[in-house]
Amino acid sequence: MRALLKGLGGEKIQVKQQLRLTYKEPLSEAIKDKRKTMSMIASFYNGKSILITGATGFMGKVLMEKLFRTSPDLKVIYILVRPKAGQTTQQRVFQILNSKLFEKVKEVCPNVHEKIRAVYADLNQNDFAISKEDMQELLSCTNIVFHCAATVRFDDHLRHAVQLNVTATQQLLLMASQMPKLEAFIHISTAFSNCNLTHIDEVIYPCPVEPKQIIDSMEWLDDAIIDEITPKLIGDRPNTYTYTKALGEMVVQQESGNMNIAIIRPSIVGATWQEPFPGWVDNLNGPSGLIIAAGKGFLRSIRATPMAVADLIPVDTVVNLTLAVGWYTAVHRPKSTLIYHCTSGNLNPCNWGKMGFQVLATFEKVPLERAFRRPNADFTTNTITSQYWNAVSHRAPAIIYDFYLRLTGRKPRMTKVMNRLLRNVSMLEYFVNRSWEWSTHNTEMLMSELSPEDQRVFNFDVRQLNWLEYIENYVLGVKKYLLKEDMAGIPEAKQHLKRLRNIHYLFNTALFLIAWRLLIARSQMARNVWFFIVSFCYKFLSYFRASSTLKV
Ligand SMILES: CCCCCCCCCCCCCCCCCCCCCC(=O)SCCNC(=O)CCNC(=O)[C@H](O)C(C)(C)COP(=O)(O)OP(=O)(O)OC[C@H]1O[C@@H](n2cnc3c(N)ncnc32)[C@H](O)[C@@H]1OP(=O)(O)O
Ligand SMILES: NC(=O)C1=CN([C@@H]2O[C@H](COP(=O)(O)OP(=O)(O)OC[C@H]3O[C@@H](n4cnc5c(N)ncnc54)[C@H](OP(=O)(O)O)[C@@H]3O)[C@@H](O)[C@H]2O)C=CC1
């Protein structure tokens, strides 16, 4: 405990500059010619046994899909899966393989079911609760490990976030160190693991308290004490997620031993850009939840800086980089752990204002069904203005709607939904009011190492991304794949928005008249103004009637 508190005192730790030394074999002319026509990366994964954690997650699914599609001759993909929501591990895999995302895979790799091996595992438990036989097979066969599993919740309790993002990473590295055939271990971190800095290099920045001390202390500290020390531990990071991801990186560095390891740091991962088709997304994380909230008219204003960089990165871009890094790490064996930033801001920046505008423009053409109010996107940087809009634009309509529900004998629910939404939005505000700069030397170096064919098949060059097109596809993807809304319902959704507009005008007019009536009853000046307006209108109408009679 003393060591922990000493660490909190913030001894300045020197940031170790990572060496960017790489070992490269000279290439013969024949190999150079071959490189031009075939994908080295795709053929590298053929025949390999690959272990993926977090394969049931957003990124994990896209990673598996791409692997099967581009390297159908791979030997096997082991995935560590736990049963969830009443589904067994096998049922979960079956559901993934039968989803729209995997439609193309089934054409290219018809025996995909045989090549995927779901291993029962819970990363929260000792040895991941993997059976002896399964463990034996994983240790003896695995060639490549992709570690994607994590808790990505911002409000997770520190104990749980440490367990999954730090301890599980440590255990997986220990497992990997016992794999005789291991060629590369790829750890997925986040570009925001050091979001307390504004310029972030492709290096590991140590946290004041050693991960081992944190892991140990989580074993004996009770929840109340953990709650108390959490703000001190996370320091100027906004949540336990970013803090534990930073600790996870330190663990990777410390436990790397002789293994070939690389770390990928994606920024805000969004829907697919191109592959297997544009706009695929299946969870509410990052902007997806807010896009829905805006499209349904629940969220009409947000405390965000319109000019701040929206560092979004499509999930297929992250996956392409991850696979390229896997290949490069295994084949070229860099002498130190390389970190790759997978970000868009420095190469092809888009800002939140532009994003909000395009989201709204898309909802004009393709609205969501049964919206609560018409979509709108006001960005404000001022806390007071933001609170005003929260009261007027969010809470008041929810209260009125609940009143209407009560009147019609139904259970009120909108205020609860709105409070939850506003709480969630407040947790994301940190990320929409700042801009970061990430250096991308290693990522650019890797791009230059790829053959033209690999650059095409495993494209991670975000400079080619057209933001307006991407955001439009993202919004359409949210509607189709996340909300599962039918495009045939668009005319009805537009009709519904027209009705909402009329209700809005009617409501505002009624509100104005009531306010005016109250004012007239209380103020002489208001009465005088009212008398002046009425007499002016009367005179104008009389004049108009008289002049039209004269003309006739
Ligand atoms: C005017 C407006 C205009 C807008 C126009 C639009 C313009 C765009 C502007 C865009 C600005 C974008 C800002 C993005 C910033 C992202 C920065 C990320 C940076 C870091 C990147 C990373 O490296 S980090 C990885 C990403 N990490 C997250 O982004 C986690 C966040 N989030 C949570 O940390 C938890 O979400 C939090 C919040 C605790 C709540 O937690 P919570 O419990 O209150 O609410 P939940 O969302 O969990 O759940 C509520 C109900 O949704 C159900 N549900 C949950 N997930 C589901 C799923 N996948 N599919 C189906 N349903 C799901 C669930 O089952 C609940 O249903 P039920 O109530 O029935 O149980
Ligand atoms: N999404 C984003 O915006 C970003 C993500 N990242 C990183 O990318 C990686 C993948 O993220 P993403 O796919 O979005 O996250 P998801 O939440 O979609 O997926 C998380 C995965 O981890 C698995 N997992 C969680 N807990 C356990 C457990 N106890 N035992 C076994 N498996 C578990 C989940 O399994 P289950 O399905 O059973 O819950 C799921 O497969 C993470 O490391 C994340 O930090 C980095 C930057 C941004």
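- Where an unreviewed UniProt entry is consulted, the chain appears under the name Fatty acyl-CoA reductase, with the organism given as Ailuropoda melanoleuca.
- Annotation of the chain in UniProt includes, under Function (unreviewed entry), the sentence "Catalyzes the reduction of fatty acyl-CoA to fatty alcohols."

Topic: the site of ligand 2
Phase 1 of the analysis: Neighbouring ligand 2 are 26 residues, the closest being Thr-56, Arg-82, Lys-84, Arg-92 and Tyr-241.
Phase 2 of the analysis: At 2.7 Å, a side-chain N or O of Thr-56 approaches an oxygen atom of ligand 2.
Phase 3 of the analysis: The separation between an oxygen atom of ligand 2 and a polar main-chain atom of Cys-148 is 2.9 Å.
Phase 4 of the analysis: Here ligand 2 loses 91% of its free accessible area of 890 Å² to cover by the protein chains.
Phase 5 of the analysis: Taken together, the elements giving at least two residues each to the shell around ligand 2 come down to helix H4 (58-70) and helix H12 (240-254).
Phase 6 of the analysis: Grouping the constituent residues of the shell around ligand 2 by class yields 13 nonpolar, 8 polar and 5 charged.

Remarks on the UniProt feature "domain: Thioester reductase (TE)" (unreviewed entry) in the chain
Phase 1 of the analysis: Cross-referencing UniProt, the feature "domain: Thioester reductase (TE)" (unreviewed entry) maps to residues 52-321 in the present numbering.
Phase 2 of the analysis: The annotated region residues 52-321 carries 43% helix and 14% strand content, and the separation between its end C-alpha atoms amounts to 16 Å.

Describing the packing of helix H13 (residues 287-295) against helix H20 (residues 467-482)
Phase 1 of the analysis: One can describe the packing of H13 onto H20 by two numbers: an axis separation of 10 Å at closest approach and a directional angle of 85°. With respect to each other, H13 and H20 are oriented roughly perpendicular. Packed against H13, whose contacting residues are Pro-287, Ser-288, Ile-291 and Ile-292, the element H20 presents Tyr-474, Val-475, Val-478 and Leu-482 at the interface.
Phase 2 of the analysis: For the contact of H13 with H20, the class distribution of residues is 7 nonpolar, 1 polar and no charged.

A word on the packing of helix H15 (residues 352-365) against H20
Phase 1 of the analysis: Put simply, H15 and H20 touch, their axes get as near as 9 Å, and they point 55° apart. The orientation of H15 relative to H20 falls into the category oblique. Judged by the sense of rotation from one axis to the other, the crossing of H15 with H20 is right-handed. Facing Lys-354, Met-355, Gln-358, Val-359, Thr-362, Phe-363 and Lys-365 of H15, the residues of H20 in contact are Trp-467, Leu-468, Ile-471, Glu-472 and Val-475.
Phase 2 of the analysis: Tallied by class, residues from the contact of H15 with H20 come to 7 nonpolar, 2 polar and 3 charged.

What to know about helix H14 (residues 315-332)
Phase 1 of the analysis: Along its 18 residues, H14 runs 25 Å from first to last C-alpha, staying within 8% of the 26 Å computed at 1.5 Å per residue.
Phase 2 of the analysis: Buried residues dominate H14, accounting for 17 of its 18 residues.
Phase 3 of the analysis: With its phi angle positive at about 45°, Arg-333 sits one or two positions after the end of H14.

Reading guide: rules and limits
The written sequence of each chain sets the order in which its residues are numbered from 1. Lettering for chains starts from A, numbering for ligands starts from 1, and both go in the order in which the items are written. Only residues with pLDDT of at least 70 are given local features in this predicted model, and only at 80 or more are side-chain atom pairs given and counted; all residues enter the totals for whole chains, interfaces and linings. With hydrogens and water excluded, all non-hydrogen atoms of the structure serve as input to the side-chain values. UniProt positions are given in the numbering used here, feature names are shortened, and annotations may be inferred rather than shown by experiment. Any residue with at least one heavy atom within 4 Å of a molecule or strand is counted as near it. Any pair of nitrogen or oxygen atoms within 3.5 Å is treated as a polar contact; in protein, a donor-acceptor pairing is required on top of that, and neighbouring residues in sequence qualify only through side-chain atoms on both sides. All accessible areas in this document rest on Shrake-Rupley with a 1.4 Å probe, and a residue is counted as covered only by the protein chains that are shown. To qualify as a helix, a DSSP run of H or I must reach at least 4 residues; to qualify as a strand, a run of E must reach at least 2; elements of each kind are numbered from the N terminus. All amino acids are sorted into three groups, where Ala, Val, Leu, Ile, Met, Phe, Trp, Tyr, Cys and Pro are nonpolar, Asp, Glu, Lys and Arg are charged, and the leftover types, Gly among them, are polar. The axes used here are C-alpha line fits, helices contributing only the stretch in contact, and every angle between their N-to-C directions lies in the interval 0 to 180 degrees. Every angle not falling under 35 degrees, over 145, or within 65 to 115 is termed oblique; those three ranges are roughly parallel, roughly antiparallel and roughly perpendicular. Whether two residues are in contact is decided by their heavy atoms, any of which lying within 4.5 Å being enough. Put simply, a crossing is left-handed when the front helix is turned counterclockwise from the back one by less than a right angle, and right-handed when it is turned clockwise. How far a helix is expected to stretch is found by multiplying one less than its residue total by 1.5 Å. Each residue is placed in one exposure class: buried if its accessible area under a 1.4 Å probe, protein chains only, is under 20% of its type's maximum, exposed if it is over 50%, and partly exposed if it falls in between.

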